[in-house]
There are 2 protein chains.
Amino acid sequence: MASSVETRADADSDQGEDVTAHVTHLGQQARRAAAGLREATTGDKNTALHAMAAQLEQQREILRTANERDLEQAQQDGLSAALLDRLTLDDRRIDAMIAGLETVAALPDPVGEIDELSTRPNGLQIGRMRVPLGVIGIIYESRPNVTIDAAALCLKSGNAAILRGGSEAVHSNAAIAECIRLGLAEAGLPEACVQRVGTRDRQAVGALIRMDQYVDVIIPRGGRSLIERISADATVPVIKHLEGICHVYVDRHADLNQAWEVAFNAKCYRYGICGAMETLLVDESIAADFLPEMARRLMEAGVELRGCDRTRQLIAAEIAEESDWSTEYLAPILSIRVVEGLQAAIEHINHYGSHHTDAIVSQHLGHTRRFMAAVDSSSVMVNAATCFADGGEYGLGAEIGISTNRLHVRGPVGLQGLTTQKYIVIGDGHVRH
Amino acid sequence: MASSVETRADADSDQGEDVTAHVTHLGQQARRAAAGLREATTGDKNTALHAMAAQLEQQREILRTANERDLEQAQQDGLSAALLDRLTLDDRRIDAMIAGLETVAALPDPVGEIDELSTRPNGLQIGRMRVPLGVIGIIYESRPNVTIDAAALCLKSGNAAILRGGSEAVHSNAAIAECIRLGLAEAGLPEACVQRVGTRDRQAVGALIRMDQYVDVIIPRGGRSLIERISADATVPVIKHLEGICHVYVDRHADLNQAWEVAFNAKCYRYGICGAMETLLVDESIAADFLPEMARRLMEAGVELRGCDRTRQLIAAEIAEESDWSTEYLAPILSIRVVEGLQAAIEHINHYGSHHTDAIVSQHLGHTRRFMAAVDSSSVMVNAATCFADGGEYGLGAEIGISTNRLHVRGPVGLQGLTTQKYIVIGDGHVRH
């Protein structure tokens, strides 16, 4: 079986010339599969998810062998240690993929839910039924586990998926795709429910993101440059996950013990996540009480501080330049600004932030109500650390990313974000007068 | 006052060179106004809507004078009778605009609604708050009443609006915009909540639809060519209203009396609306009972019939060409096809239709359930005429169009379609472990 995986992946590079035809074919297959998936029962979909998990369990050896080929090539190509780590598929990560499939199988199926069904004066019943989006294209970089996570969420929400992983993970992705294929077959679902773009040619991405006829939405998962390139060129709608320039604002009515803990956690839980705090805003009236102890804790953890003039009168910090207020460090660096109060904090966040996740620490009900209404971000938090911005923490069970779009879905994208609603209208021979 | 309206509209043509600067300025103003509107109370917004209605009432004379100038010009330019009719602002239409404002004022305000607020095991409360989209650009053609309808819906949903009407209605739109301006002032809301593009230069549209920084969504209202042009060029997301190729499928379990009435109404209620039936599908097993009487009624109403071979064995009809199945006639023409049953009807609708509004006439519960799940349209109806596809009929109170998008909003777009949801997370000093 190992050799079949190799052949599958090696064949990828042979298709150069006919990239558009290949991607169009995938699109047509996906559109047909999506029509069947709209009517698949939750039971069928869960059977496929459990069967995929069983396949991963059985094929650990094959998965690791395929992954080793990718890792060898990546080392030859001189990829960084961080990229090599992301690419690695060890037993712990295979366990996580299996657990992920079981989690998604256990989630309630949003498809078919009917909301707001009510009866009009003429007796017509009108409501909205939750339905799949159709065909979803996922474009991602090195992590091979995205192959299984994306397939699981798309399948459970009734969507056909076309996956395009990074070329550095091609053998790992091919081996995982084989487990998916076998799982679908076991549940009697068409193979084309989850397809993998079978060429490393970059033109395939260009074709996929402009194939409006067959693809309903594109979800890129990767760095800013990938997402910006795709957004600029796509004609298919894109669910984007741009940067997180997240703020914690310490209000004059904050409980200072809470503020120290929340701000420290928001910065230091993990520096590299999109929900990490990048700027700390402090009300001028409590700055002298709050900042010295805050600075002590952060510096002890090795965080570099960059402050405004008023900050630097209270604590030792580098000078924050104008550009610091709009920088996502993803590193042990924090910019700090003393502000005149709630209004100034709101204005700073809406102006310099990225509308991702922002928090206020305050015990003043009116201030927290205002902050929640006025801050224009996908998540607004009160007395909680911004690093909670995560589908798992929000109870979505699993997420395919965090949307910084305004339309359709904002914040962590779970199963519901991969569906839409259509109107249903039920009458008894009703005609319009 | 009449002269101030004239000056305002006449000034429009002078700005040719600086179109991008003008539109950028509008965008910046709108972004600022939107920040204020996010926090405006329902009371303030309703005060503005009532004040606009009062202004329209007071300024009937000025509105008619401005409209006459547009009509004179349009006659000189040789516009068709249909376009002249759309352009006309008589007392009845002014009444309708006033009534529209009062209707929107009476609708519940969706902003601030909190859904699905629940408590996680760690005590964090997580929910979703409904919030405005931000800045909405509306691009429309001849009907001047769109100026007031769009302004009212955007304002009530807390969005700043940038309106770009047809050049043929420039004086009428300027006069209406003056009523809007005075209404906003009376409620103490910034004028920039509703702005009108002050140039007839076509480049203004190009600038508006690519101004991602200041505009969050574009809603074009007009013919297919306008909408396609805008969709192709826009980088801002577009809520599209493309064609309605609507079907009625008469199932073998239909009540034939209902089927005759529903199908007749779907075709003949009004030929020119997007919810008008364009293709009638009939199950083969009841075609001989159903079609002759159906044809008699339709031909009596002057509807031209075009049928498949099997249809033409039962009734007198022209030959339906392949292209008929994908044509939106918007005219007294109907294509008719005899199909093998439910599955064939679903496949025909999903293949040839436009995913707008489609109906089944049937008393068979299983067939209606399957039809509702499998037909991939923004509205799916059971025993009701497709011409019900309308925000008013659905109880939305008012609509800004019917979306044929899949993402964000599908079907009639009311206040809720002009909003989005953000996550709110409320804790007590919560940190992540």
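Within an unreviewed UniProt entry, the label attached to chain A reads Gamma-glutamyl phosphate reductase, and the organism entered is Kushneria phosphatilytica. Heading Sequence similarities (unreviewed entry) of the UniProt record for chain A holds this comment: "Belongs to the gamma-glutamyl phosphate reductase family." Check the Catalytic activity (unreviewed entry) section of the UniProt entry for chain A; it says "L-glutamate 5-semialdehyde + phosphate + NADP(+) = L-glutamyl 5-phosphate + NADPH + H(+)".

Engineer: It is not clear to me how the pairing of strand 11 (residues 333-339) of chain A should be interpreted in this structure. Could you clarify?
Structural biologist: Residues and elements named next belong to chain A. The element strand 11 is largely enclosed, with a buried count of six among its seven residues. Taken together, the five bridges between strand 8 (residues 277-283) and strand 11 define a ladder with parallel strand orientation. Bridging across to strand 11, Val 282 finds its partner in Val 338. The sheet contact formed by strand 9 (residues 304-307) and strand 11 spans four bridges and is parallel. Within strand 11, the position partnered with Glu 304 by the bridge is Ile 333.

Engineer: Honestly, the interface of chain B and chain A in this entry has me stumped. Any pointers?
Structural biologist: By a frequent convention, interface size equals the accessible area lost on bringing the separate parts together. Facing 67 residues of chain B, the contacting portion of chain A comprises 66 residues. Carbon and sulfur atoms make up 51% of the surface buried where chain B meets chain A, a total of about 5800 Å² over both sides. When the area that chain B buries against chain A is broken down by residue, the three leading residues are B:Leu407, B:Tyr423 and B:Arg432, summing to 15%. Our count for the chain B to chain A interface comes out at eight salt bridges. Two residues, A:Arg370 and B:Glu39, come together in a salt bridge whose shortest N-O distance is 2.7 Å. At the junction of chain B and chain A, the tally comes to 47 residue pairs in polar contact (both at pLDDT 80 or more). Looking at the side of chain B that touches chain A, the elements with two or more residues in it are strand 2 (125-132), helix 11 (256-268), helix 15 (365-374), strand 13 (379-384), strand 15 (411-412) and strand 16 (419-430) of chain B. The dominant element in the side of chain B that touches chain A, judged by the number of residues it contributes, is strand 16 of chain B, at eleven residues.

Engineer: Could you clarify how one ought to interpret the relation of the copies chain B and chain A in this entry?
Structural biologist: Relating one copy of the chain to the other takes a rotation about an axis and a shift parallel to that axis. With an RMSD of 0.0 Å, the operation that places chain B on chain A is a rotation of 180° combined with a shift of 0.0 Å along the axis. What the superposition gives is, in effect, a two-fold axis relating one chain to the other. In terms of proximity to the rotation axis, the leading residue of chain B is B:His408, whose C-alpha is 1.8 Å off the axis. The share of interface residues of chain B whose copies in chain A are also at the interface is 99%, consistent with both copies meeting through the same surface.

Engineer: Would you take a moment to explain the domain arrangement of chain A for this structure?
Structural biologist: Parsing chain A into structural domains produces domain 1 (2-233) and domain 2 (246-388). Computed from C-alpha coordinates alone, the two centres of domain 1 of chain A and domain 2 of chain A are separated by 38 Å.

Engineer: Explain the pattern of salt bridges here, please?
Structural biologist: A pair can form between side chains of opposite charge whenever their charged atoms are brought close. Throughout the structure, instances matching the rule amount to 54 salt bridges over all chains. The residue A:Glu191 makes a salt bridge to A:Arg181 at a minimum N-O spacing of 3.1 Å. Of this pair, A:Glu191 sits in the loop between helix 8 (170-186) and strand 5 (194-196) while A:Arg181 is found in helix 8, placing the two residues ten residues apart along the sequence. Of the residues examined, A:Glu191 reaches a relative accessible area of 44% and is grouped as partly exposed. Here B:Glu178 makes a salt bridge to B:Arg181, at a shortest N to O gap of 3.0 Å. Note that B:Glu178 and B:Arg181 are positioned in helix 8 (residues 170-186) at a spacing of three residues, about one turn of the helix. One network of salt bridges, in which partners are shared, links A:Arg31, A:Arg38, A:Asp216, B:Asp376, B:Arg406 and B:Arg410.

Engineer: Teacher, can you tell me more about helix 3 (residues 42-58) of chain B here?
Structural biologist: Along an α-helix, residues three or four apart share an orientation, since each turn contains 3.6 residues. All names here are of chain B. Taking 1.5 Å of rise per residue, 17 residues should cover 24 Å, and helix 3 covers 24 Å from first to last C-alpha, within 8% of that figure. Buried within helix 3 we find Lys 45, Asn 46, Ala 48, Leu 49, Ala 51, Met 52, Ala 53, Gln 55 and Leu 56. Buried positions along helix 3 lie against helix 2 (19-37), helix 4 (60-76), helix 6 (91-106), helix 7 (145-156) and helix 8.

Rules and cut-offs
Residues numbered from 1 in each chain as written. Chains lettered and ligands numbered in written order. Predicted model: local features only at pLDDT ≥ 70, side-chain atom pairs only at ≥ 80, totals over all residues. Heavy atoms only, no water. UniProt positions renumbered as here; feature names shortened; annotations may be inferred. Buried < 20%, exposed > 50% of the residue type's maximum accessible area, 1.4 Å probe, protein only. Helix = DSSP H or I, 4+ residues; strand = E, 2+ residues; numbered from the N terminus. Pairing = 2+ DSSP bridges. Contact = heavy atoms within 4.5 Å. Buried area = accessible area lost by both parts, 1.4 Å probe. Salt bridge = Lys/Arg side-chain N within 4 Å of Asp/Glu carboxyl O. Polar contact = N/O pair within 3.5 Å; in protein donor to acceptor, adjacent residues only side chain to side chain. Least-squares fit on C-alpha atoms with pLDDT ≥ 70 in both. Domains from an automatic or database assignment. Expected span 1.5 Å × (residues − 1).

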